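Okay, here's what each chain looks like letter by letter:
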Amino acid sequence: MNFLRGVMGGPSAGPQPSGAETIQKLCDRVASSTLLDDRRDAVRALKSLSKKYRLEVGIQAMEHLIHVLQTDRSDSEIIGYALDTLYNVISNDLEEEEQEENLPKQVDDLGSQFTEIFIKQQENVTLLLTLVEEFDFHVRWPGVKLLTSLLKQQGPQVQQIILVSPMGVSRLMDLLADSREVIRNDGVLLLQQLTKSNAAIQKIVAFENAFERLLDIITEEGNSDGGIVVEDCLLLLQNLLKNNNSNQNFFKEGSYIQRMKPWFEVGDDNCGWSAQKVTNLHLMLQLVRVLVSPTNPPGATSSCQKAMFHCGLLQQLCMILMATGVPADILTETINTVSEVIRGCQMNQDYFASVNAPSNPPRPAIVVLLMSMVNERQPFVLRCAVLYCFQCFLYKNQKGQGEIVSTLLPSTIDGNSVSAGQLLCGGLFSTDSLSNWCAAVALAHALQENATLKEQLLRVQLATSIGNPPVSLLQQCTNILSQGSKVQTRVGLLMLLCTWLSNCSIAVTHFLHNPANVPFLTGQIAENLGEEEQLVQGLCALLLGISIYYNDNSLENYRKEKLKQLIEKRIGRENFIEKLGFISKHELYSRAAQKPQPSFSSPDHMMFDHEFTKLVKELEGVISKAIYKSSEEDKKEEEVKKTLEQHDNIVTHYKKVIREQDQELEELKQRINTLTSQNEQLQATVTQQVSQIQQHKDQYNLLKVQLGKDTQHHNSHSDTFQMNGIQTEEVSKLKEELEEWKNKHELLQGQLWEKDSVIEKLKSSQLEMGTTEQSSQTSRSGGLEHNNELQKELEMLRSQIQLQSAEISKLQIENQKLQVMSTTADHVLGDSSARAANNSELEGQLEQEIKELKSEVKVLSEEKESLKQHLDSSSSTVAILQDEKSKLQQEVAESKKEQDDLLVLLADQDQKLSALKMKLKDLGVPVEDEDDIESGDQGDEDEDGDEEEQD
């Protein structure tokens, strides 16, 4: 114990051992001690020395500590000490007291070296993952810290080990669900280090429901008003989403974008924001930008932009944009975020154009932002953000471009309010070079890939001073160039002119129409100036090249060939190409070509625009080829262009003709359809009219016949008599059929009576056989059942016959009625008109009754068939019964014979028994009679019953 007191700082006699010696003794104690308490005390002592003697503890004790982790897992206390000791050795997070001391610089290397030793055996990391699963606070927390430190020192190697270990990432995800905030928060830090630059782990973490858990933590902590935990969660979300298209898509499809809206709910009172709130909101805005970054796939960006509009996130950001009291850096980041949310999305761009600032009178948000862009007192970063917002608003937005340019045209200028066009012109010609550059780039974006607006902008006239005539915007730009202003201003104006003149021959003609422009450009290119002016020379060469390439030779003095000769004489082709190459070789050019957002360290570096770099790439090679082409090649090219134009004109003409013919065909098809429908309708009406005419003809013929009957009374009488004769013939036929049915009915009844007699005979014979044995009785009972069934069927047949007889009687009655009606019809033949009406009525009634009689005859025939079937079945059953009866009679006779034989045998046996008894009696043997034996047996049974009752 004296040894431990010396280690722990207690008083001891004699010289003090060195730190290395003490550590060596403690390591021996850990390795050799058999008692757990001794090992625990030694590890605790190593933990206390590990900060001061980091190198010695790391070299001597690491192996022993790992062994403790492997063998003493049952004791959480010693495991916690061992993990803390390893953390102190590996971690480079020094405390303040140690930082004040002059420690050597190789401290950072120590952590990475010890980490390398620890992870050399992959089983150590796997062991650490299993310890992190333990719920005990003294084991789990130091395990999380140690794993985080390992990831900080050797991130990729540790990530790979965790990735290949079974359920390695899933185990660590459970830390976010821990109820203890310390472990949960350190678990977030661990996942930050784990997900750095590893797409595979990022996907696993995302699909382990990380988004849901992290957003829940942010909401619990108070969103942007939360503490550093919110910041850590936002950093982890950025790691999971940045440059990971799969996770971005999963985040969008999981409806997590909608949960971001409450983050940006800022109140009216925005003064006194804490530093943590500013940091949190800054990270939240960056997270939105990660989802809509221009570097993402266009489809993914577009879907996220639409989702942000539909959930109200864009509206919330615009409210922050127009709010008062928002810190400058938050406002700048909000402008950048809104820029990327609306970039290339027509729906979002239209909404942003409708946003108004809360001023009196209200002004569009675009106008308010442009005011701050051209205001030299605003911060440089804010002005860059506004320029980026304006560029994103106009990106692939021809509608927005037209609205901006329309504010410059003479017919739409409103003198009472400040428009975007006026602000751009004011910035273009102000004394501030940064405002000149920003306004020129913004105006160039309004003309990007829009030839009609380039032509319309030529109409813009500017009043330079009182008394002087107005000057066109194009001329004013060239005038400022020739005055020799600052380099930044001239670069901005040259970029505007290059964008304006490219792919617009009319603008080139207007530019060349001013005789001072070409000499100025050639003079600038030909001079040998310093490095600062080389960029201007390159842009002048590009502008002159555009004037040659897009020249339509409408001006005789400035045709393509003459301009090439001018370059050859005053500049030289090689010199011209060299000056043109200054642009793409410039350092600021390559920096601007990397991403759309203008990011400059200082205003002096603000020279190139991202979209302009694309234009330079497109035109540099084309202009170089155009300069070296001869006049003959130009002529051939012009001829080819003319033929192509003629061909295009012919094609367009034929396209117009084809379109017209298509329209005519469609109209003709419609007319044919209408005519066919009309034809069908007319045919239907014709058929209807023909049927009506036929009906009228029939009616006319009937009337003729009736008139003839009136005039010829006797003839009509004979006709009616003939009619009645026809009726009497039908009645006679019906009578004959009824008689036939009656005969058939009587035959059927006779057959039924015969069957009944047979069945009754069978019954009587079966009744006589009632004294036979049980076997015969059972068979007879089956026969009786069968006879009962036959009786039921016969009763059914009788009922059906009765029904048929009733129907026959009905038919007879109806026949009598018909005869009476026919006789009455003969008597009623008095008046010709009355007789005709009565005859017609009688004919209808007779026809109906004849139809009814025929239907009844059909029914009777069907019933006859069914009766025949029933009779056949009954005859077959009778035959079967007769067979069974004969069999039964044979069986009865056999049984009688057997009974007689048995009786004879019994009589013989009785005689023999009596003879034997007599012999026994003669011999003096006592013999009991059968009656005595039976009476004795009954007595014995009674005695046994009494004994059982007593028991």
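Because the structure is a prediction, the values reported are computed rather than measured.

Engineer: Is there a simple way to explain the overall build of the protein chain in this structure?
Structural biologist: Secondary structure summary: the protein chain contains 41 helices and 4 strands in total. For the protein chain, the residues scored as buried account for 42% of the 951 residues in total. Long-range contacts, defined here as pairs at least 24 residues apart, represent 72% of the contacts in the protein chain between residues at least 6 apart. As displayed, the protein chain offers around 52,900 Å² of accessible surface, 51% of which is attributable to carbon and sulfur atoms.

Engineer: It is not clear to me how the packing of aromatic side chains should be interpreted in this structure. Could you clarify?
Structural biologist: For any two aromatic rings, the description comes down to two numbers: the centre-to-centre distance and the angle of the planes. Counting across every chain of the model gives 13 aromatic pairs. Between Tyr-589 and Phe-608, the ring centres sit 5.6 Å apart and the planes meet at 90 degrees, which makes this aromatic pair edge-to-face. Taken as a pair, Tyr-589 in helix α35 (residues 587-592) and Phe-608 in the loop between α35 and α36 (610-628) lie far apart in primary sequence, 19 residues in all. A relative accessible area of 2% places Phe-608 in the buried class. Directly above the ring of Trp-141 sits Lys-145, whose terminal nitrogen or CZ lies 4.0 Å from the centroid.

Engineer: Honestly, a nonpolar patch on the surface in this entry has me stumped. Any pointers?
Structural biologist: On the surface, Ile-650, Tyr-654 and Ile-658 cluster together to form a nonpolar patch covering roughly 300 Å² of accessible area. For Tyr-654, the position within the fold is in helix α37 (residues 631-711).

Engineer: Just checking my understanding: could you explain helix α2 (residues 19-32) for this structure?
Structural biologist: Compared with an ideal rise of 1.5 Å per residue, which puts 14 residues at 20 Å, α2 spans 20 Å between its outermost C-alpha atoms and is within 8% of the ideal. Every buried residue of α2 is accounted for by Gly-19, Thr-22, Ile-23, Leu-26, Cys-27 and Val-30. Taken end-on, α2 shows its buried residues confined to a sector of 135 degrees, consistent with a single buried face. In this structure, α2 carries Ala-31 and Ser-32 as exposed residues pointing more than 90 degrees from its buried face.

Engineer: Please clarify how the packing of helix α3 (residues 36-49) against helix α4 (residues 54-71) should be interpreted in this entry.
Structural biologist: The relative placement of two packed helices comes down to the angle between their axes together with the axis-to-axis distance. In the contact formed by α3 and α4, the axes pass within 11 Å of each other and the chain directions differ by 150 degrees. Both α3 and α4 take part in a crossing whose hand is left-handed. Contacts between α3 and α4 involve Val-43, Leu-46 and Leu-49 from the first element and Arg-54, Val-57, Ala-61, Leu-65 and Val-68 from the second.

Engineer: Any chance you could explain the confidence of the model for the protein chain here in plain terms?
Structural biologist: Detailed reading of the predicted coordinates is not advisable wherever pLDDT is low. Chain-level pLDDT for the protein chain is 81 on average; 77% of the residues reach the 70-or-more range. Every residue in residues 824-836 is under pLDDT 50, and counting partners more than four places away or in other chains gives 17 contacts.

Engineer: Please clarify how the side chain of Asp-178 should be interpreted in this entry.
Structural biologist: Residue placement: Asp-178 occurs in the loop between α11 (168-173) and α12 (181-194). Looking at Asp-178, the relative accessible area reads 6%, which means it is buried. At 2.9 Å, the side chain of Asp-178 forms a polar contact with the backbone nitrogen of Arg-180. In contact with Asp-178, other than residues within four places in its own chain, are Arg-140, Ile-183 and Arg-184.

Engineer: Would you take a moment to explain the layout of surface pockets for this structure?
Structural biologist: The gaps of empty space that remain are located by a probe, the size of a water molecule, rolled over the atoms. Its boundaries defined by the atoms lining it, the largest pocket holds a volume of some 450 Å³. Taken together, the elements giving at least two residues each to the lining of the largest pocket come down to α23 (380-394), α24 (398-406), α27 (451-457) and α36. Per element, the largest residue contribution to the lining of the largest pocket is 4 residues, and it comes from α36. Each residue belonging to the lining of the largest pocket can be placed in one class, and the counts come to 6 nonpolar, 10 polar and 6 charged.

Engineer: Would you mind showing me how to read helix α8 (residues 122-132) here?
Structural biologist: Structurally, the α-helix is built with 3.6 residues per turn, so residues lying three or four positions apart point the same way. Within α8, 8 of the 11 residues are buried, which leaves the element mostly enclosed by the surrounding structure. Those residues of α8 not exposed but buried are Asn-124, Val-125, Leu-127, Leu-128, Leu-129, Thr-130, Leu-131 and Val-132.

Engineer: Explanation requested: the pattern of salt bridges in the structure shown.
Structural biologist: Note that side chains of opposite charge can pair when their charged atoms are close. The full count for this structure, using the stated rule, is 25 salt bridges. For Arg-259, the salt bridge goes to Asp-216, with nearest N and O atoms at 2.7 Å. With Arg-259 in the loop between α16 (245-253) and α17 (275-291) and Asp-216 in helix α14 (residues 210-221), this pair connects stretches of sequence that are 43 residues apart. The salt bridge involving Lys-277 is made with Asp-225; its shortest N-O contact spans 3.3 Å. One end of the pair, Lys-277, is in helix α17; the other, Asp-225, is in the loop between α14 and α15 (228-241), and 52 residues separate them in sequence. A residue is classified by how much of its surface remains accessible, and Asp-225, at 58% relative accessible area, is exposed. Shared partners join several salt bridges into a network, and the residues in it are Asp-37, Arg-40, Asp-41, Arg-44, Asp-75 and Glu-77.

Engineer: Whenever I open this one, unusual backbone geometry confuses me. Can you help?
Structural biologist: Outside of glycine, negative phi angles account for most residues, and trans bonds account for most peptide bonds. A positive phi angle, near 60 degrees, is found at Ser-255, a position not held by glycine. Within the secondary structure, Ser-255 sits in the loop between α16 and α17. Residue Ser-255 is classed as partly exposed on the basis of its relative accessible area, which comes to 38%. With a phi angle near 60 degrees, Asn-503 is a residue other than glycine that sits in the positive phi range. Assignment of secondary structure puts Asn-503 in the loop between α29 (487-501) and α30 (505-513). Residue class for Asn-503 comes out exposed when judged on its relative accessible area of 54%.

Engineer: Looking at this model, I keep getting lost on the state of the cysteines. Mind explaining?
Structural biologist: In protein chemistry, a disulfide is the covalent bond that joins the sulfur atoms of two cysteines. In this structure the tally under the stated criterion is 0 disulfides. Residue Cys-392 stays outside any disulfide, its sulfur separated by 6.9 Å from that of Cys-389, the closest cysteine.

Engineer: What am I meant to see in the environment of Phe-520 here?
Structural biologist: If you trace the backbone, Phe-520 turns up in helix α31 (residues 517-526). When the C-alpha positions of Phe-520 and Leu-481 are compared, they lie 9.0 Å apart, and in sequence the two are 39 residues distant. Residue contacts for Phe-520: discarding those within four places in its chain leaves Leu-481 and Ser-482.

Engineer: Can you help me understand the side chain of Asn-553 in this one?
Structural biologist: Within the secondary structure, Asn-553 sits in the loop between α32 (531-549) and α33 (560-570). A distance of 3.0 Å separates a polar atom in the side chain of Asn-553 from the backbone nitrogen of Lys-560.

Engineer: Whenever I open this one, the environment of Gly-187 confuses me. Can you help?
Structural biologist: Tracing the chain through its elements places Gly-187 in helix α12. On the basis of relative accessibility, which here comes to 0%, the residue Gly-187 falls in the buried class. The spatial distance from the C-alpha of Gly-187 to the C-alpha of Val-144 is 6.7 Å, given a sequence separation of 43 residues. Gly-187 has contacts with Val-144 and Leu-175, leaving out every residue within four places of it along the chain.

Engineer: What should I look at first to understand the packing of helix α19 (residues 313-322) against helix α21 (residues 346-354) in this one?
Structural biologist: Viewed as axis vectors pointing N to C, α19 and α21 meet at an angle of 35 degrees, and their least axial separation amounts to 11 Å. Along this stretch, α19 crosses α21, giving a crossing that reads as right-handed. Between α19, through Leu-314, Gln-315, Cys-318 and Leu-321, and α21, the contact on the second element is made entirely by Asn-348, Tyr-351 and Phe-352. The class makeup of the residues in the contact of α19 with α21 is 5 nonpolar, 2 polar and no charged.

The rules behind these values
Starting afresh in each chain, residues are numbered from 1 along the sequence in its written order. Under the rules for a predicted model, residues below a pLDDT of 70 receive no local features and side-chain atom pairs below 80 are neither given nor counted, while totals for whole chains, interfaces and linings still include all residues. Values shown for side chains rest on all heavy atoms present in the structure; no hydrogens or waters enter the calculation. Numbering of helices and strands runs from the N terminus, with a helix taken as a DSSP run of H or I at least four residues long and a strand as a DSSP run of E at least two residues long. The rule is simple: take the accessible area with a 1.4 Å probe, protein chains only, and divide by the maximum for that residue type; under 20% is buried, over 50% is exposed, in between is partly exposed. Two residues form a contact once any of their heavy atoms are found within 4.5 Å. Every accessible area reported is derived by Shrake-Rupley at a probe size of 1.4 Å, with residue values counting cover from the shown protein chains alone. Two rings from Phe, Tyr or Trp (for Trp, the six-membered ring) form a pair when their centres sit within 6.5 Å of each other. Planes less than 30 degrees apart are called stacked, planes more than 60 degrees apart edge-to-face, and all others tilted. The rule for a charge over a ring is simple: NZ of Lys or CZ of Arg within 6 Å of the ring centre, and within 35 degrees of the ring normal. Nonpolar side chains (Val, Leu, Ile, Met, Phe, Trp, Tyr) within 5 Å and like charges within 9 Å form the patches, drawn only from residues with over 30% relative accessible area and no salt bridge. Take a side-chain nitrogen of Lys or Arg and a carboxyl oxygen of Asp or Glu: if they are within 4 Å of each other, that pair is a salt bridge. Expected helix span is computed as 1.5 Å times (number of residues minus one). It is the directions from the helix axis to the C-beta atoms that the arc portrays. To define axes, lines are fitted to C-alpha atoms, for helices over the stretch in contact only, and angles between the resulting N-to-C directions are given on a 0 to 180 degree scale. Handedness of a crossing follows from how the near helix is turned relative to the far one, being left-handed for an anticlockwise turn of less than a right angle and right-handed for a clockwise one. The predictor attaches a confidence to each residue, and that confidence, scored 0 to 100, is pLDDT. Polar contacts, as used here, are pairs of N or O atoms within 3.5 Å; protein pairs need one atom able to donate a hydrogen and one able to accept it. Residues neighboring in sequence count only if both atoms are side-chain atoms. The distinction between a cavity and a pocket rests on a 1 Å grid over the protein atoms alone: a 1.4 Å probe fits inside a cavity but cannot get out, while a pocket stays open yet meets protein on both sides within 12 Å along at least five of seven lines, and a residue with an atom within 4 Å of a point counts as lining. Grid points are joined across faces, edges and corners, and a volume is the space filled by probe spheres set on the points. For this classification, the nonpolar set comprises Ala, Val, Leu, Ile, Met, Phe, Trp, Tyr, Cys and Pro, the charged set comprises Asp, Glu, Lys and Arg, and every other residue, Gly included, is treated as polar. Two cysteine sulfur atoms form a disulfide, by the criterion used here, when they sit within 2.5 Å.

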